[in-house]
Amino acid sequence: MINHDEPVPGEMLPILAGHTSAGRLERVLRAGHFAVTTELSPPDSANRHDVYERACVFDGFVDAMNATDGSGANCHMSSVGMCALLTRIGYAPIMQVSCRDKNRIAIQGDVLGGAAMGVTNVLCLTGDGVQAGDHPEAKPVFDLDCMSLLETIRGMRDKAEFLSGRKISTAPQLFLGAASNPFAPPYDFRPYRLAKKIAAGAQFVQTNYCFDVPRFTEFMARSRDLGLLEKVFILPGVGPMASAKTAIWIRDNVPGIHIPDAVIDRLAGAKNQKQESQNLCVELIQELSEIEGVSGIHVMAYRQEESVANIIQRSGVLQGRTPWYPGRDEQLLQESSGK
């Protein structure tokens, strides 16, 4: 007989006072720990083991994994599909929702489905244009944008109702996130755009790649002056580049990514460019962690996922804390019993 009251693996109950979800990421951030998130590249496959093999390289080093939703407007396994697999064995995914491909009916359905599977974190994105991806002939939707999406999901959570006003019998309990890019002009506008996202419902923010620490520091200072840092958890994005050539291509072809010439020159002059990029990533994490208002780090290591554990370990930002991973509870039990 099925026990319908059995919690989803990895689901944390009850929801603590002042929290909007039962998830580990919100608990880690609200407890004042330095959080680590990363991006899980979706497979071009219908094999669930491809997802698990990609996820396990992060075991013990990250608090949550972004299940990307057609990033770059390219087709892969869906975010909601990856989340279904990840929550099944207890991982804490961040379900990304892009407004590019679905209207409000489909999006709200996915939010309810994700929450029912144990998803506690949702990152709201407008989404890249279809012309950037491998299906440029696809019809874009953009029924909502990141702001209206945040407001929609917040209403589902806090008012227990759909955007239409129809009631939801059991509201999704979610920790809402948004993206921010302090490195794209107009720079002075970025803190004000962050303020709008917070007003719409964002509780945590992951930024684009941060290679320009002075510019990010200025963004944080202005956000502090506006009183925003008391209202949101900010996780700047970092990540290793395979080479100087890769960094140049990304800078020239991916909108909104700023990589200073000094970074390119450093990589170009290194004997082992991939290793030097990882060294730089460690240094950036350490430097960013010292900035007032930074609550964690978001590591994007496309096709270098196996390097994330080493980068985080070398950075020291976990300060001896080991994030949960499948089997950790059993391992701790065995260690405590002397087995």
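Residues numbered from 1 in each chain as written. Predicted model: local features only at pLDDT ≥ 70, side-chain atom pairs only at ≥ 80, totals over all residues. Heavy atoms only, no water.

**Thoughts on the overall build of the protein**
Inference 1: Along the protein, the regular secondary structure elements total 12 helices and 8 strands.
Inference 2: In terms of overall size, the protein behaves like a compact globule, its C-alpha atoms giving a radius of gyration of 20 Å where 339 residues would be expected to give roughly 20 Å.
Inference 3: Counting only residues that meet the buried cut, the protein has 50% of its 339 residues in that class.
Inference 4: Intrachain contacts of the protein at a sequence separation of at least 6 include 77% that bridge at least 24 residues. (Helix = DSSP H or I, 4+ residues; strand = E, 2+ residues; numbered from the N terminus. Rg over C-alpha atoms; globule rule 2.2 N^0.38 Å. Buried < 20%, exposed > 50% of the residue type's maximum accessible area, 1.4 Å probe, protein only. Contact = heavy atoms within 4.5 Å.)

**A few points about helix H2 (residues 48-55)**
Inference 1: Turning to H2, its buried residues number three or more, namely Val51, Tyr52 and Ala55. Projection of H2 onto a plane perpendicular to its axis shows the buried side chains occupying an angular sector of 95°, all on one side.
Inference 2: The distance from a side-chain oxygen at the start of H2 to the backbone nitrogen of histidine 49 is 2.9 Å, and the residue carrying that oxygen is asparagine 47. (Arc of directions from axis to C-beta. Polar contact = N/O pair within 3.5 Å; in protein donor to acceptor, adjacent residues only side chain to side chain.)

**Here we look at the pattern of salt bridges**
Proximity of charged atoms lets side chains of opposite charge pair with each other.
Inference 1: Under the definition given, this model contains 12 salt bridges.
Inference 2: Measuring nitrogen to oxygen at the nearest pair gives 2.9 Å for the salt bridge that ties glutamate 283 to arginine 266. A residue pair is termed long-range when its members are at least 10 positions apart, and glutamate 283 in helix H10 (residues 273-289) and arginine 266 in helix H9 (residues 261-268) qualify at 17 residues.
Inference 3: Taken together, the salt bridges that share partners define one network made up of Arg266, Glu276 and Glu283. (Salt bridge = Lys/Arg side-chain N within 4 Å of Asp/Glu carboxyl O.)

**Describing the nonpolar core**
Inference 1: Membership of the largest hydrophobic core comes to 78 residues, with the highest contact counts inside it found for Val122, Phe216 and Ile297.
Inference 2: Of all the elements, H10 adds the most residues to this core, at 6 residues.
Inference 3: Not counting chain neighbours up to four residues away, the residues in contact with valine 122 comprise Ile94, Met95, Val97, Ile153, Leu174, Phe175, Leu176, Gly177 and Phe204.
Inference 4: In terms of nonpolar packing, the next biggest core, distinct from the first, is built from 12 residues, Ala35, Leu123, Leu125 and Phe204 among them. (Core = buried A, V, L, I, M, F, W, Y, C linked by side-chain atoms within 4.5 Å.)

**Thoughts on the environment of glutamine 173**
Inference 1: Tracing the sequence through the fold places glutamine 173 in the loop between helix H5 (146-158) and strand S5 (175-180).
Inference 2: For glutamine 173, a relative accessible area of 34% translates into the label partly exposed.
Inference 3: Sequence-wise, glutamine 173 and valine 119 are 54 residues apart; in three dimensions their C-alpha atoms are separated by 8.8 Å.
Inference 4: Among all residues touching glutamine 173, those that are not within four sequence positions of it are Ile15, Thr20, Ser21, Thr120 and Arg157.

**Some words on the sheet that holds strand S3 (residues 93-98)**
Adjacent strands of a sheet pair through backbone hydrogen bonds, lying either parallel or antiparallel.
Inference 1: Taking strand neighbours around the barrel as the criterion, the 8 strands line up as S1-S2-S3-S4-S5-S6-S7-S8 in a closed arrangement whose pairing is parallel. Each neighbouring strand pair of the sheet contributes to a mean axis angle of 25°, computed without reference to strand direction.
Inference 2: Pairing of strand S2 (residues 64-67) with S3, which is carried by 3 bridges, proceeds in the parallel orientation. Bridged to methionine 65 within S3 is proline 93. (Pairing = 2+ DSSP bridges. Axes fitted to C-alpha atoms, helices over the stretch in contact; angles between N-to-C directions.)

**Topic: the state of the cysteines**
Inference 1: Inspection of the entire model under this criterion finds 0 disulfides.
Inference 2: Free of any disulfide, cysteine 99 has its nearest cysteine sulfur in cysteine 146, 7.2 Å distant. (Disulfide = S-S within 2.5 Å.)

**Concerning the side chain of serine 315**
Inference 1: If you trace the backbone, serine 315 turns up in helix H11 (residues 308-315).
Inference 2: With residues up to four places along the chain from it excluded, the contact list for serine 315 reads Val282, Ile285 and Gln286.

**Brief notes about the pairing of strand S7 (residues 233-238)**
Inference 1: By the criterion of burial, S7 is predominantly enclosed, with 6 of the 6 residues buried.
Inference 2: The alternating pattern of S7 places Phe233, Leu235 and Gly237 and Ile234, Pro236 and Val238 on opposite faces, both of which are buried.
Inference 3: Summarising the sheet, strand S6 (residues 204-209) and S7 pair through 4 bridges and their orientation is parallel. When the bridges of S7 are listed, glutamine 206 appears paired with leucine 235.
Inference 4: As paired elements, S7 and strand S8 (residues 296-299) share 2 bridges and run parallel to each other. Among the inter-strand pairings, glycine 237 is bridged to a residue of S8, identified as histidine 298.

**Focus on helix H6 (residues 190-200)**
Inference 1: Along H6, the residues that are buried comprise Arg190, Pro191, Leu194, Lys197, Ile198 and Ala200.
Inference 2: Residues of H6 that are buried make contact with H5, S5, S6, helix H7 (213-225) and S7.
Inference 3: Two residues or fewer past H6, glycine 201 is found with a positive phi of approximately 135°.

**Some remarks on the packing of helix H8 (residues 244-253) against H9**
Two numbers describe a pair of packed helices, the interaxial angle and the distance between the axes.
Inference 1: Put simply, H8 and H9 touch, their axes get as near as 8 Å, and they point 155° apart. Taken together, the axes of H8 and H9 lie roughly antiparallel to each other. In this structure, H8 uses Ala244, Ala247, Ile248 and Arg251 to contact H9, whose residues at the interface are Asp261, Ile264, Leu267 and Ala268.
Inference 2: Looking at the contact of H8 with H9 residue by residue, the class counts come to 6 nonpolar, no polar and 2 charged. (Parallel < 35°, antiparallel > 145°, perpendicular 65-115°, else oblique. Nonpolar A, V, L, I, M, F, W, Y, C, P; charged D, E, K, R; others polar.)

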